[in-house]
Amino acid sequence: MSKHHLAIPCGTFLIFCILIPAFAQVTPDTSQPPPVSSAVSSVSSTAPQTPSLSSEELARLYLVKKQFREAEEIFHQLTLQQPKNAVYWNELGITFHSQSELVPALKCYQKSSKLDSHYADALNNMGTIYYERKKFGKAIRSYRKAITIRDDFAPFYLNLGYAYFGQKQYDDSIVAFRKAVQLDPQAFELNRSRSGTVIQDRSLNTERGRFYFMLAKSFAEAGDVDRCIIYLKKARDEGYKDMNSMKTDPSFAAVMKIPEAQEVLAPKVLETAEQ
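Since the structure is predicted, the reported quantities are computational estimates derived from the model, not experimental observations.

Check the secondary structure of the protein and you find 11 helices and zero strands. Going residue by residue from the N terminus, the α and β elements of the protein occur as α-α-α-α-α-α-α-α-α-α-α. Sorting the 275 residues of the protein into buried and exposed places 44% on the buried side. Total accessible area computed for the protein in this model is approximately 14,900 Å², and 51% of it derives from carbon and sulfur atoms.

Right, dumping it as structure tokens:
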């Protein structure tokens, strides 16, 4: 009898929150040899039985363990058995997505959305495909559709903020990030568990300094001074050239009264003075 060891990943791309039943290993009574015809008869009929996993549960366990090919095979079978199940098509898409197979992943998400036009997770996941392809306009539309269906879920707003940032719509990006933080003050923590049917793409290749400064501004507006300082330091370290704008930006008014904020600006002030 085998045991499944559950390993929870802390990646920045796929973030799952899947509940798996507890397992109890049953040790058969070996005082007398079991009949050759059946190993099962070695366990007393009154002994507690180990709960078996359904195909769906096993597939999700494989996802958690990052055994994506195994999960793909099971979800493929599940879609054949229940071709109108939008959740299974979405999860099959996730298995492809996790293996960087974006074309079949997108097709699965689209199929899921057609089966259930109010399934926000599939719309969000379609958006992440467009985001990875740098089709930010399409990504924004997908994320916004997901939000019209479910407007209380921080990851959707995070994804929307990233897409706006990629489109260089910085004001809209700040609004989306601010909403995400309002819904979940720890929304930017990379090890936060989310839904197993939702993908978040946090990749960012350009303008990291500006991005961190915008996050600092979002946290300042949310009254989270500690995280604001953290991202101000990141922006400074990435060489963001407009750090001094926080002196006149009303969003940073309360933060500027704190010594740590002055320390963040000090290197720039000293550099200017030396010139």
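Now for the pattern of salt bridges. Under the criterion given, the structure shown has 11 salt bridges. Here Arg60 and Glu56 are joined by a salt bridge, their closest N and O atoms 2.5 Å apart. Highlighted residues: Arg60 and Glu56, both in helix H1 (residues 55–64), separated by four residues, approximately one helical turn. Across the pair Asp237 and Arg236 runs a salt bridge, and its minimum N-O distance is 3.2 Å.

Let us look at the packing of helix H2 (residues 68–81) against helix H3 (residues 86–98). Between H2 and H3, the least distance of the axes is 9 Å, while the angle of their chain directions is 155°. Judged by the inter-axis angle, H2 sits roughly antiparallel to H3. Viewed along their axes, H2 and H3 form a crossing whose handedness is left-handed. On H3, the residues touching Phe68, Ala71, Glu72, Phe75, His76, Leu78 and Thr79 of H2 are Tyr88, Trp89, Glu91, Leu92, Thr95, Phe96 and Ser98. Broken down by class, the residue content of the contact of H2 with H3 amounts to eight nonpolar, four polar and two charged.

Confidence along the protein averages 80 in pLDDT terms, with 75% of residues attaining 70 or more. Contacts of residues 191–195 to residues separated by more than four positions or lying in other chains number 21 contacts, the stretch itself having pLDDT below 50. Across residues 269–275 the pLDDT falls below 50, and counting only partners more than four positions away or on other chains, this stretch makes one contact in the model.

With that settled, the discussion passes to helix H6 (residues 136–149). For H6, which comprises 14 residues, the first-to-last C-alpha distance of 20 Å matches the rise-based estimate of 20 Å (1.5 Å per residue) to within 8%. Within H6, burial applies to Phe136, Ala139, Ile140, Ser142, Tyr143, Ala146 and Ile147. Considered in projection along H6, the buried side chains sweep an arc of 165° and stay on one side of the axis. Away from its buried face by more than 90 degrees, H6 exposes Lys145 and Thr148. In this fold, the buried residues of H6 make contact with helix H5 (120–132) and helix H7 (154–166).

Before going further, it helps to spend a moment on the packing of aromatic side chains. Aromatic rings in a pair are described by how distant their centres are and how their planes are angled relative to each other. Enumeration over the complete set of coordinates arrives at 13 aromatic pairs. Both rings, one in Phe153 and one in Phe156, keep their centres 4.9 Å apart while their planes meet at 85°; by these two values the pair is edge-to-face. On the accessibility criterion, Phe156 (0% relative accessible area) is buried. Ring centres 5.5 Å apart and planes at 15° place the aromatic pair Phe219 and Tyr231 in the stacked group. Here Tyr231 lies in helix H10 (residues 225–237) and Phe219 lies in helix H9 (residues 208–221), a separation of 12 residues in the sequence. The pair formed by Phe219 and Tyr231 is uniform in burial state, with each residue classed as buried. By the ring-pair criterion, three or more aromatic residues cluster together here, those being Tyr162, Phe165, Tyr170, Phe177, Phe211, Tyr212, Phe219 and Tyr231. Between Arg210 and the ring centre of Tyr170, over which it is positioned, the NZ or CZ distance is 4.3 Å. Its end group placed over the ring of Tyr212, Lys234 keeps NZ or CZ at 5.7 Å from the ring centre.

A contiguous patch of positive charge, built from Arg133, Lys135, Lys138, Arg141 and Lys145, is present on the exposed surface. Among the secondary structure elements, Lys135 is positioned in the loop between H5 and H6. Of the residues examined, Lys135 reaches a relative accessible area of 38% and is grouped as partly exposed.

On to the side chain of His97, then. Note that His97 resides in helix H3. Judged by its relative accessible area of 2%, His97 falls in the buried class. Looking at His97, its side chain comes within polar contact range of the side chain of Glu132, at 2.6 Å.

So, how was this worked out
Residues numbered from 1 in each chain as written. Predicted model: local features only at pLDDT ≥ 70, side-chain atom pairs only at ≥ 80, totals over all residues. Heavy atoms only, no water. Helix = DSSP H or I, 4+ residues; strand = E, 2+ residues; numbered from the N terminus. Buried < 20%, exposed > 50% of the residue type's maximum accessible area, 1.4 Å probe, protein only. Areas by Shrake-Rupley, 256 points an atom, 1.4 Å probe, with all protein chains shown as cover. Salt bridge = Lys/Arg side-chain N within 4 Å of Asp/Glu carboxyl O. Axes fitted to C-alpha atoms, helices over the stretch in contact; angles between N-to-C directions. Parallel < 35°, antiparallel > 145°, perpendicular 65-115°, else oblique. Left-handed = near helix turned anticlockwise from the far one by under 90°. Contact = heavy atoms within 4.5 Å. Nonpolar A, V, L, I, M, F, W, Y, C, P; charged D, E, K, R; others polar. pLDDT = per-residue confidence, 0-100. Expected span 1.5 Å × (residues − 1). Arc of directions from axis to C-beta. Phe/Tyr/Trp six-rings, centres within 6.5 Å; stacked < 30°, edge-to-face > 60°. Lys NZ or Arg CZ within 6 Å of the ring centre and 35° of its normal. Patch = residues over 30% accessible without salt bridge, like charges linked within 9 Å, V, L, I, M, F, W, Y side chains within 5 Å. Lys, Arg positive; Asp, Glu negative; His and termini not counted. Charge placed at Lys NZ, Arg CZ, Asp CG, Glu CD. Polar contact = N/O pair within 3.5 Å; in protein donor to acceptor, adjacent residues only side chain to side chain.

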